[in-house]
Amino acid sequence: MNGMIIGKYVPGDSFIHRLDPRTKLLLMFIYVFIVFLANNGWTYGILTLFTCLLLFLSRIPFSFMIRGLKPVLWVIVFTFFLHVLLTKEGHIVFQWLGIEVYDKAIQQGAFISLRFLLLIVVTTLLTLTTTPIEVTDGMESLLSPLKKWNVPVHELALMMSISLRFIPTLMEETEKIMKAQTARGVDFSSGPLQERMKAMTALLVPLFISAFKRAEELAVAMEVRGYRGSQNRTKWRELTWGRIDTAFMLFIGLLAIALWLLRS
Amino acid sequence: MDIVFRDVEHRYQINTPFEKRALYDIHVDIRSGSYVAVIGHTGSGKSTLLQHFNGLLQPTKGTVHLGDYTIVAGKKEKHLKPLRKKVGIVFQFPEHQLFEETVEKDICFGPMNFGMSEQEAKARVGEWLALVGLPEEVRHKSPFALSGGQMRRVAIAGVLAMEPEVLVLDEPTAGLDPRGRKEMMDMFANLQRQKKMTIVLVTHSMEEAARYADDIIIMHRGTIVRRGTPEQIFRNVDDLIHLGLDVPETVLFQRAIEQKFGIQFPEPCLTIEDVERSLQTLFTRVKRI
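Because the structure is predicted, anything quoted here is derived from the model rather than measured.

**Remarks on the overall build of chain B**
In step 1: Regarding its fold elements, chain B presents 11 helices and 10 strands.
In step 2: Its C-alpha atoms give chain B a radius of gyration of 21 Å, within 12% of the compact-globule value 19 Å for 289 residues.
In step 3: When its C-alpha atoms are laid out on the principal axes, chain B stretches across 70 × 50 × 35 Å.
In step 4: Taken over 289 residues, chain B has a buried fraction of 42%.
In step 5: Put simply, 63% of the contacts in chain B that link residues at least 6 apart link residues at least 24 apart.

**A look at the UniProt feature "transmembrane region" (unreviewed entry) in chain A**
Residue and element names in this part refer to chain A.
In step 1: UniProt's feature table lists "transmembrane region" (unreviewed entry) at residues 28–57, 69–86, 106–128 and 241–262, given in the numbering used throughout.
In step 2: Annotated as 80% helix and 0% strand, the span residues 28–57 places its first and last C-alpha atoms 16 Å apart.
In step 3: Taken end to end, residues 241–262 has its terminal C-alpha atoms 31 Å apart, with 91% of it in helix and 0% in strand.

**Describing the interface of chain B and chain A**
In step 1: Residue-level contacts link 23 residues of chain B with 18 residues of chain A.
In step 2: Of all the elements in the fold, those that place two or more residues in the side of chain B that touches chain A are helix 2 (81–86), helix 3 (103–113) and helix 5 (148–160) of chain B.
In step 3: Tallied by class, the residues present in the side of chain B that touches chain A amount to 11 nonpolar, 9 polar and 3 charged.

**Considerations on the domain arrangement of chain B**
Residues and elements named next belong to chain B.
In step 1: Per the domain assignment, the segments of chain B are domain 1 (3–230) and domain 2 (248–289).
In step 2: A separation of 35 Å is found between the C-alpha centroids of domain 1 and domain 2.
In step 3: Facing 5 residues of domain 1, the contacting portion of domain 2 comprises 4 residues.
In step 4: No other element matches helix 7 (residues 206–212), which puts 4 residues into the side of domain 1 that touches domain 2.
In step 5: Here the side of domain 1 that touches domain 2 is built from residues that sort into 3 nonpolar, no polar and 2 charged.

**Comments concerning unusual backbone geometry**
Negative phi is the rule for most residues except glycine; trans is the rule for most peptide bonds.
In step 1: With a phi angle near 45 degrees, E171 of chain B is a residue other than glycine that sits in the positive phi range.
In step 2: Mapped onto the elements, E171 of chain B comes out in the loop between strand 7 (166–170) and helix 6 (178–195).

**Some thoughts on the domain arrangement of chain A**
Residues and elements named next belong to chain A.
In step 1: Once the domains are mapped, chain A shows domain 1 (15–144 + 240–262) and domain 2 (153–224).
In step 2: Here domain 1 and domain 2 have C-alpha centroids that lie 31 Å from each other.
In step 3: Between domain 1 and domain 2, the residue contacts involve 8 residues of the former and 7 residues of the latter.

**Brief notes about the nonpolar core**
All names here are of chain B.
In step 1: Membership of the largest hydrophobic core comes to 81 residues, with the highest contact counts inside it found for V38, F53, A157, V168, L169 and V200.
In step 2: With 7 residues, the single largest contributor to this core is helix 5.
In step 3: Sequence-distant contacts of L169, defined by excluding residues within four places in its chain, comprise V90, F188, I199, V200, L201 and V202.

The rules behind the values
- Residues numbered from 1 in each chain as written.
- Chains lettered and ligands numbered in written order.
- Predicted model: local features only at pLDDT ≥ 70, side-chain atom pairs only at ≥ 80, totals over all residues.
- Helix = DSSP H or I, 4+ residues; strand = E, 2+ residues; numbered from the N terminus.
- Rg over C-alpha atoms; globule rule 2.2 N^0.38 Å.
- Buried ≥ 20, exposed ≤ 12 C-beta atoms within 10 Å, placed from the backbone.
- Contact = placed C-beta atoms within 7 Å.
- UniProt positions renumbered as here; feature names shortened; annotations may be inferred.
- Nonpolar A, V, L, I, M, F, W, Y, C, P; charged D, E, K, R; others polar.
- Domains from an automatic or database assignment.
- Core = buried A, V, L, I, M, F, W, Y, C linked by C-beta atoms within 7 Å.

Structure representation (C-alpha cells):
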C-alpha cells in the first residue's frame, strides 16, 4: 500500500506547485489530447522532453516517480506485447515458433506504451503537486459557466473533494484491517483461489461497514454545522491567475502547434 | 516464548519523501510468561513496536528473536504463519475486524485459519465466549447486532481462540465503561496466571499499567527511555511528568499526603489497596504517639 503514489500530495514550493490549479488542470486536459498528435520519433521526443521538464520543475525525485509507476508497469508491458503480437505491418524482424514479429509492430508497441506512460506521469504529477482542495477549487472555477444551465457544479466539486480526501483514509483503513486479519492467520498474497476469496471478504466487509459509518458521520457533521450547498458561499482561498500562468498556457499552445506541424 | 529485540530500528516508506523513523535503538527482553506494559505518548512508536511481535512489520535494522524465529533486517521472512499462531495481536478497536454472519463463525475464523477443524472450533466456541464473559445466546447472532462492548469481546474471543502463547494488546479497554474495563483486565491477568501466557499491553492508563504489569516499558519519540517494575517506574513521579505522562492517581494522592505531613512512605502506592495499607500503618503509628 505504501508504494502507491497516485492521488498522493507531496508538499513543496516548486514552480509547478505554485502554478494556479486551473493552469494545471487545463494543462492536463490539453495534454490528454495532444498526446494523441504524436505519431513519429520527433513528436514523441518533444513530448517526452516536455514531460521530463515538468518533472524536473516539480522537484519530485525521479526515483520516487519510477517507484510509484510500478503498479501500472505491467499494464504498460502488456500493452506493448499485445501490439507486438497483433500488428502485422512492415517487415518481419524475426520468426519464432510460428510467431511473426514485424518491425512496425515493435515501433507501434513502443509508441503506444510510451504514450500511456507519459499520460500517467503527467496526471500523477498533477496530484503530486496540487492539494485535493486546490484541484476541486480549480475544477469548480473552470466548470462554473455551466451553472447557467443548472449543472450542480459546487455539489460535484464537493463530491470530488470528499472522495479525494478519503482515498488515503480508506487506504489506511484497508492496511489496518489487512494487518488485523493477517494476525488472525489470513494470507492475502498466496494460497488457493477459494481461500483468497474468503480473505477478500474478511477485508471488504469491515471496510464497507466503516466507509458507510464514516459517510453517515460526515453527513451529520456537515448538517450540524449548517452546510447548505453552494448558496451564498464565499471562499477562504481565492484562486489567483498570475502572469506566469498565462505564459505557461502560451507555452503549451506552442507545444501543441509544434506537435501538429511535426507529425507525419 | 522469549522475545528479544536487538538494536531494532524501523523506518516507514523508506527512500521516499515520506520516510519516517518510527523506532530506533530498541533493545528489549521479554521473558516467557511475564506481563509487560508499554506506555508512552501518542506517536511514541508503541504501535509500530508491537507490530514487530508477529512479523507484520519487519525491522529495517537489527534483529528480532521470537522464540525459535529470528527476523533479521533486510531478509524478507516468508513463512510467518506458525509464528502468527503463537502471537495473537488484539489491535485498537478490534471490533472493526469482525466480518462474519454470526459470532460463532467469526470466532472460529482464526483457529480454522491455523488448521483447527470446523467441528472442534465450533465445539469450543462456548468456552471462548465464557472466557470473555459473553452469554451463550449471542453465538448465533450477527456480530453487528451487538453493542460496542460486546463486539469488542467477540473480537477478543476471536484472537484468544487461536490459543496464542503471547498476547499483544493495543489499548484493549479504550472506550469501554469502567466495569467492562476491569472485567477485561482481570480476564487478561487470569490468562497470564493460569495459561502462562506472555502478555504485552499497550495502554494509556497508568492505573492499568501499575495494577497489572510486572514490568513497564516507557517509550518516548521512537525509543525506550525507561524500563522497570511498576514500583521503580512510579517512584519517580517528576520524571514521568517530565516525559509528558500521567501518574496513577494513587501515587499522586500518596505524594500529596507525604508533602502535607512531611513523611515518606516506604513503597509507592500503586493500587487503592496499597494506599489503604500505607494509611493504616501511618494511623497506627500516629495513635501510638
